[in-house]
Amino acid sequence: MIYTAEIKVAKTAGFCFGVDRAVNKVNELLEAGQKVCTLGPLIHNPQFIKSLTEKGVVVAESPDDCPEGYTLVVRTHGITKETADRIKELSISFVDATCPYVSKIHKLAEKHYEKSAVIIVCGDSSHPEVKGIVSHCKDRSYVVSSESQIEDVISDIKKRFGEQFSDIVLLSQTTFSVEEFKKCVKKLKILCTNPIIFDTICSATAERQAEAVSLAKTCDMMVVIGGRNSSNTQKLKDACEKYCPTYLVESYEELKNIDFGKAECIGVTAGASTPACNIKEVLKYMSDMVNDRDNLEALAAEEIAENSDYISEDEKLFAEALEKMDNDNFNPKVIGTVQRITPTEIHVDIEGRKQTGIVPVEEYSSDPNADPSKELKVGDQLELIIMKTNDVEGTIMLSKRRLDASKHWEAIVDAHKNGTVVTGKVVEVISKGAVAFSKGIRVFIPASLATASRKDRIEDLLDTEVEFIIIDIDKRRKRAVGSIKDVLRKKKAEAAEKFWATAKVGDVLKGTVKSLTSFAAFVDLGGVDGMIHKSELSWNRVGHPSEVVKEGDEVEVYIKALDSEKKKISLGYRKPEDNPWEILKKQYPVGTVLDVTITGLTTFGAFAQVMPGIEGLIHISQISNERIAKPQDVLSIGDQVKVMVTGIDAEKKRLSLSMSALLEPPAKEEAEEPEQDEPVAVSIDELLASAENKEAE
Ligand code: SF4
C-alpha cells in the first residue's frame, strides 16, 4: 500500500559519541588482526552484533569467559569495580571503551562517597551502567527509577545513617529521562536542604530526547529505530508516545506490521546505538511507502543518516573537554607599533619595552587568507600578547591571532548560549563540510548543515560571507560548530509567516523555479513554494513544463489561488495580454482576409492555422460555392488558401473561416439549388414526383 505523508527525521538520530568510540576501538583491533571479545554485547542492536559475530567477535558474560588470546573490550556502559579488579587479576589484555560520560559519573560517585556522602542514582538498578556506578559507593547508595521513590529513600537515609553522612548527592544514569530527573530534583529539594545535584544525563541523550519530543509534538506518528533492550531507545519511545502513537522498530522489516493509517506527518528518530545503515534502510523503505515527491525531508534521509557521523565527532570533542582542564596560560597584553612587514614576520616596537617584537605571520590571524602585507602599514598599532621572550637575542615573540581569538571566543560562547546569528567568511570547503572564520574563530559547518537543501552546492559558499548559529562549542580547542541551515530555515519560516499574513489572489511575485514534475513547475517564492500547473505555463499546449521553464529560472508569477489551511499556493505564469485569442481579436477581426495553411481535414470541414496556437475551421459549406462531397476532394494538408475570418468566439476558443465568401457568387440557376448541409423543406410528394420525372427522362 502507498501512503502519502511527510517524513521528518531527527537530526540527532543514530550513533552517539560513546558508541561510535567503542565501535571504532573494536574495528581498530580487528584491523590490527587481533581477536576481540566484548564484555556483554558491545551495543544494544541485534543486527550490528550479528555483523560483529560474522567478523569473529565473541561475547563473554564475565572476564573469566574471555577466550585465551583474545583482547577483552569493556563496552560503553562501563563495569563494576569488582569486574575491573578481576580483569587485573586475570592479567587479560583489555581495552576500556567505557564512555567518558560514564567514567565521569564513576569518579563523582567515588569522590563524594569518600567524603561520606550518600549517593542517590536515578536509573534502572538492573542496568549495567547503574551497577557500575553503584559499585563505587556501594554501602551508601540508592537507586530510584522515579520521583515517587525519593520520599521513601530520604526517610530510609535518616533512619539508617542518622547524622553519619556529609551530604546527599543526586546523580543519574546517562540515559535517564530528562523529565523524570527534573521531577526527582524538585522533590529532593523539597525534602532536604542543600542536596548536591549532578545532572549526569549525557548531552547525546538529552539532545535526542528533546528533539524526539519536539518532533512527536508536530507529527501524527513516530517511528523510533533501535534495539528493544537499548535503554536510550526505550526512553525515546516513552518520551514520544506521550504526544502521538509511537512504534519501536529494530529493522525496516517491522514497518510492514505498522498501520500508518491516515498519518500525514511521520517523525523518525533512532537510539544512540542505532547504526547509520540501519536508519538508512528504514528511511528508504518509508520513502518508498510515502511516495511524496514534494517531501524534502524524505529526500534528505540519506543525508540525515550520514549526519550521525558528524554528531559523534562533535560529541567526542565535547566529551574530551569534560576530561580536561582549561590550560590557557596567562599572557600579558602589549601594544606594538608596526615597523616592518616581511613575507614571514611583522616587526613591531613594543610600548614600554626595549626588545624587538616579532609577530610570525602565522600568528597574525586565524584566517588562512589574511595577508598582513595588504592589511597593515608601517605605524599601525596592534594589540598583541607575548608568547615568549628571548633575553639573549633581545626579541619577544608575539601573537595577534591568539589575543583576537580569546576576545572573540567569548562572543562565540555568548552566541551559542543565546542562539544569536553570527557572520563569517567561508575559507575552505572539505568533504565533510565548510570551514568559516568569524572574527578569527574557526567554525566548522558540517555539510548537512551548510545549505538549505542537499541539492544546493556547498562549493558555492567558498569565499562568501555566510550567516550561521553556533550549535556547539569545544572550549578546549576554542572551536565551534555552526549551522547555516538553521538560519535559512528560520528565515524561511519568518518569510512564510509574513507571506500567509499578507498574500492575496492576484499578487504578482518573483520566484525561482525549484523543481519540475510531469505536471507542474514548483517555484520558491522565498519562504514558501507555489505550484504552476503546466496548463498555466503557456497559452499553447504544454507537454512537459520543461518546454517553458527550467530549474533555476527566475520567473514572475501571480497568485491564482491560496489555501492557507493546506498551505497550498497555485500560481499563474502566462500573461493575460499574451492570450492568443485576445491578440487574434485585435489582429484579425471578423472580415479580415488572410492566407492560411491547411493543417487538418475532417468530413465536416478543414482546419487551418491562423497564428501559433490557434486553428480555425473552414466548414465544408464554406470551402466552395460548388457542391462538394468531402473537403478532401478539393483540399490537401499543407495547401495555402485565402480565407476570410467570419466569426470569433474567444471564450469557447472557436474561429470560423470561409473560402467561399471570397469567391464569385454562383450562377442564378445553380444558386437556386439548396446549399449543402442547409435544411431544405421538401414534401414527400415533391420527392416522388421528382423521382418519376428522372425515370421518364
Ligand atoms: S548515550 Fe551518552 S553516555 Fe551513553 S554511550 Fe552515548 S555518549 Fe556515552
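Residues numbered from 1 in each chain as written. Predicted model: local features only at pLDDT ≥ 70, side-chain atom pairs only at ≥ 80, totals over all residues.

**Student:** Any chance you could explain the overall build of the protein here in plain terms?
**Tutor:** Regarding its fold elements, the protein presents 18 helices and 32 strands. For the protein, contacts bridging at least 24 residues in sequence account for 68% of all contacts bridging at least 6. (Helix = DSSP H or I, 4+ residues; strand = E, 2+ residues; numbered from the N terminus. Contact = placed C-beta atoms within 7 Å.)

**Student:** What should I look at first to understand the environment of Pro589 in this one?
**Tutor:** With respect to the helices, strands and loops of the structure, Pro589 is situated in the loop between helix H16 (580–587) and strand S28 (593–601). Counting along the chain gives 59 residues from Pro589 to Ile648, while the straight-line C-alpha distance between them is 7.9 Å.

**Student:** So what exactly am I meant to see when it comes to the site of the ligand here?
**Tutor:** In the neighbourhood of the ligand, 16 residues make up the surrounding shell, with Cys16, Gly18, Cys99, Thr174 and Cys202 lying closest. Those elements giving two or more residues to the shell around the ligand turn out to be helix H1 (17–31), helix H4 (100–114) and helix H8 (203–218). Among the elements that line the shell around the ligand, the one with the most residues is H1, at three residues. Per-class residue counts for the shell around the ligand are nine nonpolar, six polar and one charged. (Near = placed C-beta within 6 Å. Nonpolar A, V, L, I, M, F, W, Y, C, P; charged D, E, K, R; others polar.)

**Student:** Is there a simple way to think about the pairing of strand S25 (residues 529–533) in this case?
**Tutor:** Put simply, side chains in a regular strand alternate between the two faces of the sheet. Pairing of strand S24 (residues 520–524) with S25, which is carried by five bridges, proceeds in the antiparallel orientation. In the strand pairing of S25, Ala521 is matched with Ile532. (Pairing = 2+ DSSP bridges.)

**Student:** Could you clarify how one ought to interpret unusual backbone geometry in this entry?
**Tutor:** A negative phi angle is the norm for most residues apart from glycine, just as the trans form is the norm for most peptide bonds. The phi torsion at Ser91 lies on the positive side, around 50°, for a residue other than glycine. The topology assignment puts Ser91 in the loop between helix H3 (81–90) and strand S5 (94–96).

**Student:** What is the right way to read the nonpolar core from this model?
**Tutor:** As a rule of thumb, soluble globular proteins bury nonpolar side chains together. Ranked by size, the top nonpolar core spans 86 residues in total, and within it Ile119, Val121, Leu171 and Val268 carry the most contacts. Of the residues forming this core, the biggest block, six residues, is contributed by helix H10 (residues 276–290). Excluding its chain neighbours within four sequence positions, the residues that come into contact with Val268 are Ile7, Val9, Ala10, Ala13, Val223, Ile225, Val282, Leu283 and Met286. If you look at the next biggest cluster of nonpolar residues, it comprises 24 residues, including Val426, Ile458, Val466 and Ile473. (Core = buried A, V, L, I, M, F, W, Y, C linked by C-beta atoms within 7 Å. Buried ≥ 20, exposed ≤ 12 C-beta atoms within 10 Å, placed from the backbone.)

**Student:** How do you make sense of H4 when you look at a structure like this?
**Tutor:** In an α-helix, one full turn covers 3.6 residues, which means residues spaced three or four apart are oriented alike. Under the 1.5 Å per step criterion, the end-to-end length of H4 is 21 Å for 15 residues, consistent within 8% with the ideal 21 Å. Within the sequence span of H4, burial applies to Tyr101, Val102, Ile105, His106, Leu108, Ala109 and His112. Mapping the buried residues of H4 onto a view down its axis gives an arc of 165°, with all of them on the same face. Opposite the packed face of H4, turned more than 90 degrees from it, sit the exposed residues Lys107 and Glu114. Among the residues trailing H4, Ser116 stands out with phi positive, at a value near 70°. (Expected span 1.5 Å × (residues − 1). Arc of directions from axis to C-beta.)

**Student:** Looking at this structure, how should I read the packing of helix H6 (residues 150–161) against helix H7 (residues 178–191)?
**Tutor:** To characterise two packed helices, one gives the angle between the axes of the helices and the distance between these axes. Their axes nearest at 10 Å, the elements H6 and H7 cross at an angle of 40°. What the angle tells us is that H6 and H7 run oblique. Like other packed secondary-structure pairs, H6 and H7 cross with a definite hand, here right-handed. Here Ile150, Glu151 and Ile154 of H6 lie close against H7, whose contacting residues are Cys184, Lys187, Leu188 and Leu191. (Axes fitted to C-alpha atoms, helices over the stretch in contact; angles between N-to-C directions. Parallel < 35°, antiparallel > 145°, perpendicular 65-115°, else oblique. Left-handed = near helix turned anticlockwise from the far one by under 90°.)

**Student:** I would appreciate a short explanation of the sheet that holds strand S26 (residues 554–563) in the present structure.
**Tutor:** Paired through their backbone hydrogen bonds, the strands of a sheet run either parallel or antiparallel. Reading around the barrel, the five strands line up as S23-S24-S25-S27-S26 and close back on themselves, with mixed pairing between neighbours. Going from strand to strand, the sheet's axes swing by 55° on average, the running direction of each strand aside. By the bridge criterion, four bridges tie strand S23 (residues 508–516) to S24 in an arrangement that is antiparallel. The residue of S24 that forms the bridge with Leu516 is Ala521.

**Student:** Help me understand the sheet that holds strand S11 (residues 246–249), please; the structure alone is not making it clear to me.
**Tutor:** Read across the open sheet, the four strands follow the order S1-S12-S10-S11; overall the sheet is parallel. Of all the strands in the sheet, the pair left with one neighbour each is strand S1 (6–9) and S11. When strand polarity is set aside, the average angle formed by the axes of neighbouring strands in this sheet is 20°. Here four bridges tie strand S10 (residues 221–225) to S11, and the two strands are oriented parallel to one another. Note on S11: the bridge partner recorded for Val224 is Leu248.

**Student:** Sorry if this is basic, but what is going on with the environment of Thr174 here?
**Tutor:** Within the fold, Thr174 resides in the loop between strand S8 (168–172) and H7. Given 30 C-beta atoms within a 10 Å radius, Thr174 is considered buried. For the pair Thr174 and Ala204, spaced 30 residues apart in sequence, the C-alpha to C-alpha distance is 9.0 Å. Those residues within four positions of Thr174 in sequence are excluded, and the remaining contacts are Tyr101, Val102, Glu129, Thr200, Ile201, Cys202 and Thr205.

That's the geometry; what it means functionally is another story.
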